[in-house]
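Secondary and tertiary structure notes
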Amino acid sequence: MKCYIKKISAAVLTGTLCFAFLGGCASSDSSTSKNTSQNATGTDAETSKTDMDDAEEDAFPVIPETFRPSDLVIPSQDRYEYPSLGMNFTIPQILLEKMEQKEVAMLSDAAEFDDESLDYGIFSWSFMTKEQLDAEVSSKGNGFYDWADELERIGVLGIYHLEQVENLDTLTKCSEHKELGKSDDGNYAYYLSINPDADRELTEAMEQIVLDIVDIVPEEEDNFDIGSGSLGEFSMQDIQGQVYTNEMFKEHELTLVNIFATWCSPCIAEIPDLQKLSEEMAGQGVNVVGIVLDAADSSGNVSDEAVEKAKILADRTGADYPFLIPSEGCFDGRLENIDAVPETFFVDKNGNIVGETYSGSHDLEAWKSIVQTVLDSLKGSGQ
């Protein structure tokens, strides 16, 4: 899950919709300022401790423990346009009606070879029972995806890199496939896939989907790309006033740097897991550092309110790893173009960025697996 700071790009994937819904904190700069104003606490000497506690509670977004996955299905509309997948399509009226009646769920999924190459992108239609419609799952973990996997598949429309065509049965949960065309560069094929065991009326409706194959237009990158190389020299204070420099990396084999904001629900939700990570993997030389992105602006002007919120947050989550306040030009200016939080990257003991950048929050087990992969990579490279 992630929170967008400046904008939310057009959501192609259900997972993206899920991030935005659960985060509850998509905001422009103006909306962020509005939220800050509304959450400001008074300084009246007669304010009771209970009132202060209530005010502090209101200073943070409420993270719902559960949500309904059916609220995140793709809505029915006259035409679907996805230039990043090179496809526009319309679906027959019967499918639209079933979607509006909440009997059929339209979902999407995608994967990438790397940061630039699409592996596949699919849109699926599945039956949704009344129980599945009303079901609620945990806001953390894989509840949404487990729920989606239990739906009975009707059919799939998708684009696949040619290397993935042999995996159509697995990717689509269907056994009948019809090629509809190829991309201009010949690297991708479009297929309509059908589950022959599904309702015949609806599978026949799937075959009436009208697909227009268009030029693939890459989406603008919303995520913060930190690149590689050294972070250089810097000096930052944490929320308690202690000074940290680039020398801090020398004390650990690997440092996880988590960039977050005090108004971001997914950011807050993963802090306890990051604390556990720092405790459980300390013996392997792993350290965790947080950067409170909204604690200072790009010129280094500190927001006292955000710092106070961060202090409350650290206390409530039990986090004892440093929460750093960004300074002007810190990290070689790498924080300036972030559009979404949380963002996480790794630094080795020499101050070099290693591994990949991770956008969105993760639970403890996911982070442990990711960190172990980075550690193994460092060992393999002899660092």
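For clarity, every value in this text was computed on a predicted model and none was experimentally measured. (Residues numbered from 1 in each chain as written. Predicted model: local features only at pLDDT ≥ 70, side-chain atom pairs only at ≥ 80, totals over all residues. Heavy atoms only, no water.)

1. Digging into the overall build of the chain
- When you go through the chain residue by residue, the secondary structure sums to 12 helices and 20 strands.
- Scored against the burial criterion, the 383 residues of the chain give a buried share of 48%.
- Residue pairs in contact within the chain that sit at least 24 positions apart in sequence constitute 71% of those at least 6 positions apart.
- Of the roughly 18,700 Å² of accessible surface on the chain, 44% is carried by carbon and sulfur atoms. (Helix = DSSP H or I, 4+ residues; strand = E, 2+ residues; numbered from the N terminus. Buried < 20%, exposed > 50% of the residue type's maximum accessible area, 1.4 Å probe, protein only. Contact = heavy atoms within 4.5 Å. Areas by Shrake-Rupley, 256 points an atom, 1.4 Å probe, with all protein chains shown as cover.)

2. Some words on the packing of helix α9 (residues 265-280) against helix α12 (residues 364-380)
- It is the contact of α9 with α12, at a shortest axis distance of 9 Å, that shows an interaxial angle of 45 degrees. Overall, the two elements α9 and α12 adopt an arrangement that is oblique. Between α9 and α12 lies a crossing of right-handed hand. Contacts from E270, D273, L274, K276, L277 and E280 in α9 reach L364, W367, K368 and V371 in α12.
- Its residues assigned to classes, the contact of α9 with α12 shows five nonpolar, no polar and five charged. (Axes fitted to C-alpha atoms, helices over the stretch in contact; angles between N-to-C directions. Parallel < 35°, antiparallel > 145°, perpendicular 65-115°, else oblique. Left-handed = near helix turned anticlockwise from the far one by under 90°. Nonpolar A, V, L, I, M, F, W, Y, C, P; charged D, E, K, R; others polar.)

3. So, helix α4 (residues 93-100)
- The complete set of buried residues in α4 reads L95, L96 and M99. One side of α4 holds all its buried residues, which, seen down the axis, span an arc of 100 degrees.
- With its phi angle positive at about 60 degrees, K102 sits one or two positions after the end of α4. (Arc of directions from axis to C-beta.)

4. Observations concerning the nonpolar core
- Counting 52 residues, the largest nonpolar core has L277, F323, F346 and V371 as its most contacted members.
- Mapped onto this core, the elements with two or more residues apiece are β15 (254-260), α9, β16 (286-292), α10 (304-317), β17 (323-324), β19 (343-348), β20 (352-359) and α12.
- A per-element tally of this core places α12 first, with seven residues.
- Beyond its immediate stretch of four places on either side in the chain, L277 contacts L256, A282, V288, L364, W367, K368 and V371.
- If you look at the next biggest cluster of nonpolar residues, it comprises 28 residues, including F89, L95, F123 and I154. (Core = buried A, V, L, I, M, F, W, Y, C linked by side-chain atoms within 4.5 Å.)

5. Section: a negative patch on the surface
- Residues E152, E176, D197, D199, E201 and E207 make up a contiguous surface patch of negative charge.
- Mapped onto the secondary structure, D197 falls in the loop between β10 (188-194) and α8 (200-206). (Patch = residues over 30% accessible without salt bridge, like charges linked within 9 Å, V, L, I, M, F, W, Y side chains within 5 Å. Salt bridge = Lys/Arg side-chain N within 4 Å of Asp/Glu carboxyl O. Lys, Arg positive; Asp, Glu negative; His and termini not counted. Charge placed at Lys NZ, Arg CZ, Asp CG, Glu CD.)

6. Quick look at the environment of G285
- Along the chain, G285 falls in the loop between α9 and β16.
- Its relative accessible area of 15% is what places G285 among the buried residues.
- Spatially, the C-alpha atoms of G285 and L254 are 6.3 Å apart, while their sequence positions differ by 31 residues.
- Setting aside residues up to four positions removed in sequence, G285 forms contacts with H252, E253 and L254.

7. A short note on the pairing of β15
- Of all the seven residues making up β15, seven are buried; the element is thus mostly covered by neighbouring parts of the structure.
- In this structure, β15 lies alongside β16, joined through seven bridges in parallel fashion. When the bridges of β16 are listed, L254 appears paired with V286.
- On the question of chirality, the crossover connecting β15 to the parallel β16 by way of α9 is right-handed.
- Examined bridge by bridge, β15 and β19 share six bridges and lie antiparallel to one another. Each bridged residue has a counterpart across the sheet, and for L256 the counterpart in β19 is F346. (Pairing = 2+ DSSP bridges. Right-handed = clockwise from strand over helix to strand, strands pointing away.)

8. A closer look at the sheet that holds strand β11 (residues 210-213)
- Pairing in this open sheet of three strands is antiparallel, and the strands run β3-β4-β11 from one edge to the other. At either end of the open sheet lies a strand with only one pairing partner, and these are β3 (80-82) and β11. Recorded for the sheet is a direction-independent mean angle of 15 degrees between the axes of neighbouring strands.

9. Observations regarding the confidence of the model for the chain
- Per-residue pLDDT for the chain has a mean of 79; in total, 74% of the residues score no lower than 70.
- For residues 4-63, every residue scores under 50 in pLDDT, and the model assigns this stretch 106 contacts once sequence neighbours within four places are set aside.
- Below a pLDDT of 50 lies the segment residues 220-228, which in the model reaches 22 contacts outside its immediate sequence neighbourhood of four places, other chains included. (pLDDT = per-residue confidence, 0-100.)

10. Some details on the side chain of E343
- Residue placement: E343 occurs in strand β19.
- On the basis of relative accessibility, which here comes to 1%, the residue E343 falls in the buried class.

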